[in-house]
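So you can see what is in the structure, the chains are spelled out below.
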Amino acid sequence: IHPGVDWQRFQVAEDAVALKQARGLAHRKVILFVGRLARRKGVKEFIEHSLVDIVKQVPEVCFVVAGDNPTESLTEHEDVAAEIRQAIERHELSGYVRWFGAVSDAELVQLYALCDVVVLPVLDLHADVEGFGMVALEAAAAGKPVIATRCGGIPDAVEDRESGFLVEPGNCDCLTEAVVSLLKNPQIAAAMGQSGRQRAEKEFTWGSVVSRYEATF
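Computed from a prediction, not measured in an experiment: that's the story for all the values here.

What counts as what
- Residues numbered from 1 in each chain as written.
- Predicted model: local features only at pLDDT ≥ 70, side-chain atom pairs only at ≥ 80, totals over all residues.
- Heavy atoms only, no water.
- Helix = DSSP H or I, 4+ residues; strand = E, 2+ residues; numbered from the N terminus.
- Rg over C-alpha atoms; globule rule 2.2 N^0.38 Å.
- Buried < 20%, exposed > 50% of the residue type's maximum accessible area, 1.4 Å probe, protein only.
- Lys, Arg positive; Asp, Glu negative; His and termini not counted.
- Charge placed at Lys NZ, Arg CZ, Asp CG, Glu CD.
- Pairing = 2+ DSSP bridges.
- Right-handed = clockwise from strand over helix to strand, strands pointing away.
- Phe/Tyr/Trp six-rings, centres within 6.5 Å; stacked < 30°, edge-to-face > 60°.
- Lys NZ or Arg CZ within 6 Å of the ring centre and 35° of its normal.
- Core = buried A, V, L, I, M, F, W, Y, C linked by side-chain atoms within 4.5 Å.
- Contact = heavy atoms within 4.5 Å.
- Axes fitted to C-alpha atoms, helices over the stretch in contact; angles between N-to-C directions.
- Parallel < 35°, antiparallel > 145°, perpendicular 65-115°, else oblique.

Q: Looking at this structure, I do not really get the overall build of the protein. What am I missing?
A: Per the secondary structure count, the protein includes nine helices and six strands. The C-alpha atoms of the protein give 17 Å as radius of gyration, which agrees with the globular expectation for 217 residues (17 Å, within 12%). Referenced to the eigenvectors of the C-alpha coordinate spread, the extents of the protein come out at roughly 55 × 40 × 30 Å. Relative to its 217 residues, the protein shows a buried fraction of 50%. When the 22 positive and 32 negative side-chain charges of the protein are each reduced to one mean point, those points stand 4 Å apart.

Q: What am I meant to see in the pairing of strand E1 (residues 29-34) here?
A: Here E1 lies mainly inside the structure; five of its six residues are buried. Sheet analysis places E1 next to strand E2 (residues 61-66), joined by six bridges and oriented parallel. In the strand pairing of E2, Phe33 is matched with Val65. Handedness of the β-α-β unit built from E1, helix H2 (residues 43-57) and E2 comes out right-handed.

Q: What should I look at first to understand the packing of aromatic side chains in this one?
A: Aromatic ring pairs are reported here in terms of the distance separating the ring centres and the angle at which the planes meet. As enumerated under the stated definition, the model contains two aromatic pairs in all. Here the aromatic rings of Phe10 and Tyr112 are separated by 5.7 Å at their centres, their planes lie at 75°, and the arrangement is edge-to-face. With Phe10 in the segment before helix H1 (16-22) and Tyr112 in helix H4 (residues 105-114), this pair connects stretches of sequence that are 102 residues apart. With respect to class, Phe10 is no different from Tyr112; both count as buried. For the ring pair Phe46 and Phe63, a centre distance of 4.9 Å and an interplane angle of 55° mean the geometry is tilted. Taken as a pair, Phe46 in helix H2 and Phe63 in strand E2 lie far apart in primary sequence, 17 residues in all. The exposure class assigned to Phe46 is buried, which follows from its relative accessible area of 1%. On the accessibility criterion, Phe63 (0% relative accessible area) is buried. Between Arg85 and the ring centre of Trp99, over which it is positioned, the NZ or CZ distance is 4.3 Å.

Q: For this particular structure, what's the right way to read the nonpolar core?
A: Side chains that are nonpolar tend, in soluble globular proteins, to be buried together. Counting residues in hydrophobic clusters, the biggest one holds 37 residues, and the most contacted among them are Leu32, Val64, Tyr112, Val118, Leu120 and Val146. Sorting the residues of this core by element identifies E1, E2, H4, strand E4 (117-120), helix H5 (134-141), strand E5 (146-149) and helix H6 (154-157) as the ones contributing at least two each. Excluding residues within four positions of it along the chain, Leu120 makes contact with Val34, Val135, Ala136, Val146, Ile147, Ala148, Thr149 and Ile154. Counting 34 residues, the second largest nonpolar core, distinct from the first, contains Phe46, Val80, Ile147 and Val179.

Q: What is the right way to look at the packing of H2 against helix H3 (residues 80-90) in this model?
A: Relative orientation of the contacting elements H2 and H3 amounts to 10°, with a least axis distance of 9 Å. By the angle between their directions, the pair H2 and H3 is classed as roughly parallel. Here H2 contributes Val43, Lys44, Ile47 and Glu48 to the contact with H3, which in turn contributes Glu83, Ile84, Ala87, Ile88 and Arg90.

Q: What is the right way to read the sheet that holds E5 from this model?
A: Pairing between the strands of a sheet comes from backbone hydrogen bonds, and it takes one of two forms, parallel or antiparallel. The strand order E3-E2-E1-E4-E5-E6 describes an open sheet built from six strands, whose pairing is parallel. Whereas interior strands pair on both sides, the edge strands pair on one side only; in this sheet they are strand E3 (97-99) and strand E6 (164-167). Looking at each pair of strands side by side, their axes are set apart by 20° on average, direction ignored. Sitting on the sheet, H2 touches E1, E2, E3 and E4, and the angle it makes with E2 is about 165°.

Q: How do you make sense of the environment of Asp173 when you look at a structure like this?
A: Relative to the helices and strands, Asp173 resides in helix H7 (residues 172-184). Exposure remark for Asp173: the relative accessible area of 60% places this residue in the exposed category. Distance from Asp173 to Leu19, taken between C-alpha atoms, is 31 Å for residues 154 residues apart in sequence.

This is a description of form; function is not addressed.
Okay, here's the thing in structure tokens:
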């Protein structure tokens, strides 16, 4: 039984244009990543192997990162954030990345609202498997399409070519192509986002989750 989402929490009064303006992102196409910066999340690899090419095709793009190193993890002690900063500097992408660090719940909702697409470029690491794609479910509740790798529980949260795109782990070319496609075709992106929202409202409300537990017990 999958977790649920309070989809109504992700409906905001401000539109994306106003929210972007307030954060210095006016006229930018925003790719959003949300999550702890564990190595399996693949943020550094996305920057090195996808963002460098996305920038060439969509010069007005900005990659927004909401998250930081996992400070309370018992198993993850690497400074992945430092490696990401080095990758940004090495590829001269500082003008195309905005790092918000750990954000409040209210700000997270606004970041979902202002973004154009959400990415989950998770790596296929046998020693550290991705669980259910909760970020993908939150993005769907916000009406945003998700581009993710086919890892762990993510396929349960993203319907390929319906609410977003699923690509094979490590296939940076397909990941890049999917992101560029949605950034250049906002109508398709909006349709996928709407499909994801409808699914979240139908299948992933907490009421439906409770009903499944009751049926099981």
